[in-house]
Amino acid sequence: MDTTPSIQPAVPADYDGVVELLTAARLPIQGLSSRLPHALVARDSGGRLAGCVALEVYGPVALLRSLAVSPERRGQGLGERLAGEALKLAAGAGARDVYLLTETAAGFFPRFGFATEDRSLAPEPLRASAEFLSACPATATLMHARVRG
Ligand SMILES: CC(C)(COP(=O)(O)OP(=O)(O)OC[C@H]1O[C@@H](n2cnc3c(N)ncnc32)[C@H](O)[C@@H]1OP(=O)(O)O)[C@@H](O)C(=O)NCCC(=O)NCCS
């Protein structure tokens, strides 16, 4: 039996499961729309959520947030698949610059073209986002990648 989780657009009914994943990963919930627009979930064959990722899209700029894989599913390539799909989603939504904030995974993102950037260079709409204003500590690392359309 294939136990590889499938990655699909999130639906509002996934919200509680996403909150559970983010809580287990110690990631913030603030500012995450319960409708989960521009979000993806990895669902195992039993329908259980194994991972998630979300984008906040501000025209040509997007914030990649809420990337989490359930503790028992880590180390199997799922985080990499979710991040890759999120970048395709960002490009499809018209974003050209994707940013993220991380406290624990700065070493994970360079493989997708992300590089550390000074927080003062973050575009204005991101600075007004919940992640920037309250959810992520000032010590979180800002990373930026250009995406291809
Ligand atoms: C970060 C996270 C999403 C990675 O998911 P995962 O499914 O375990 O990752 P993968 O199995 O796809 O790992 C791919 C590679 O990234 C590396 N990696 C995984 N987590 C990493 C981290 N936190 N820092 C640096 N490298 C990491 C793996 O060692 C692996 O390397 P390899 O290809 O050389 O073997 C997962 O550990 C997680 O949910 N962490 C808590 C939440 C978090 O920090 N989210 C990111 C901030 S938005």
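Residues numbered from 1 in each chain as written. Predicted model: local features only at pLDDT ≥ 70, side-chain atom pairs only at ≥ 80, totals over all residues. Heavy atoms only, no water.

K.L.:
Account for the site of the ligand, naming residues and giving values.
P.N.:
Neighbouring the ligand are 18 residues, the closest being Leu 67, Gly 75, Gly 77, Gly 79 and Thr 104. Gly 75 has a polar backbone atom sitting 2.8 Å from an oxygen atom of the ligand. At 3.1 Å, a side-chain N or O of Arg 111 approaches an oxygen atom of the ligand. The protein chains hide 70% of the 890 Å² of surface that the ligand would expose on its own. At the level of elements, β4 (61-69) and α2 (78-92) are the ones that each hand at least two residues to the shell around the ligand. (Near = heavy atom within 4 Å. Polar contact = N/O pair within 3.5 Å; in protein donor to acceptor, adjacent residues only side chain to side chain. Areas by Shrake-Rupley, 256 points an atom, 1.4 Å probe, with all protein chains shown as cover. Helix = DSSP H or I, 4+ residues; strand = E, 2+ residues; numbered from the N terminus.)

K.L.:
Pulling in residues and values, what's your account of the sheet that holds strand β5 (residues 97-102)?
P.N.:
The strand order across the open sheet formed by seven strands is β1-β2-β3-β4-β5-β7-β6, and the pairing between neighbours is mixed. Each edge of the open sheet carries a strand with a single partner, namely β1 (6-9) and β6 (115-117). Along the sheet, successive strands turn relative to each other by an average axial angle of 30 degrees, direction set aside. Bridging between β5 and strand β7 (residues 141-146) involves six bridges; their strand directions are antiparallel. Residue pairing across strands places Val 98 opposite Ala 145, the latter belonging to β7. Lying on the sheet, helix α1 (residues 15-24) is in contact with β2 (39-43), β3 (49-58) and β4; it crosses β3 at an angle near 95 degrees. Of the strands in this sheet, β1, β2, β3, β4 and β5 are in contact with α2, which crosses β4 at around 160 degrees. (Pairing = 2+ DSSP bridges. Axes fitted to C-alpha atoms, helices over the stretch in contact; angles between N-to-C directions. Contact = heavy atoms within 4.5 Å.)

K.L.:
Requested: an account of the pattern of salt bridges, with residues and values cited.
P.N.:
The final tally for this structure, using the stated rule, is eight salt bridges. A salt bridge links Glu 131 to Arg 65; the shortest N-O distance between them is 3.6 Å. With Glu 131 in helix α4 (residues 130-135) and Arg 65 in strand β4, the pair connects residues that are 66 residues apart, well separated along the chain. As a salt-bridge pair, Lys 88 and Glu 85 come within 3.1 Å of each other at their nearest N and O atoms. One end of the pair is Lys 88 and the other is Glu 85, both in helix α2 and three residues apart, which spans about a single turn. Within this structure, Glu 56, Arg 65 and Glu 131 form a network of salt bridges that share partners. (Salt bridge = Lys/Arg side-chain N within 4 Å of Asp/Glu carboxyl O.)

K.L.:
An account of the nonpolar core is requested, with residue identities and associated values reported.
P.N.:
Counting residues in each nonpolar core, the largest one holds 25 residues, and the members touching the most others are Leu 64, Val 98, Phe 109 and Phe 114. Sort the elements by how many residues they give to this core and α2 lands first, with seven residues. In this structure Val 98 touches Ala 62, Leu 64, Leu 87, Ala 90, Phe 114, Met 143, His 144, Ala 145 and Val 147, once residues within four positions along its chain are discounted. Val 18, Leu 22, Ala 39 and Ala 54 belong to the second largest nonpolar core, which has twelve residues in total. (Core = buried A, V, L, I, M, F, W, Y, C linked by side-chain atoms within 4.5 Å. Buried < 20%, exposed > 50% of the residue type's maximum accessible area, 1.4 Å probe, protein only.)

K.L.:
Any chance you could break down the pairing of β5 for me, citing the residues and the numbers?
P.N.:
Most of β5 sits out of view: six of its six residues are buried. Alternating positions in β5 separate into two faces, Asp 97, Tyr 99 and Leu 101 on one and Val 98, Leu 100 and Thr 102 on the other, with burial throughout. Examined bridge by bridge, β4 and β5 share three bridges and lie parallel to one another. Bridge pairing in β5 links Val 61 to Asp 97. Running through α2, the crossover from β4 to the neighbouring parallel element β5 is right-handed. (Right-handed = clockwise from strand over helix to strand, strands pointing away.)

K.L.:
Account for α1, naming residues and giving values.
P.N.:
Of the positions making up α1, those classed as buried are Val 18, Leu 21 and Leu 22. Buried residues of α1, seen end-on, are gathered within an arc of 95 degrees and therefore sit on one face of the element. With respect to the buried face of α1, the exposed residues turned more than 90 degrees away are Asp 16, Glu 20 and Thr 23. (Arc of directions from axis to C-beta.)

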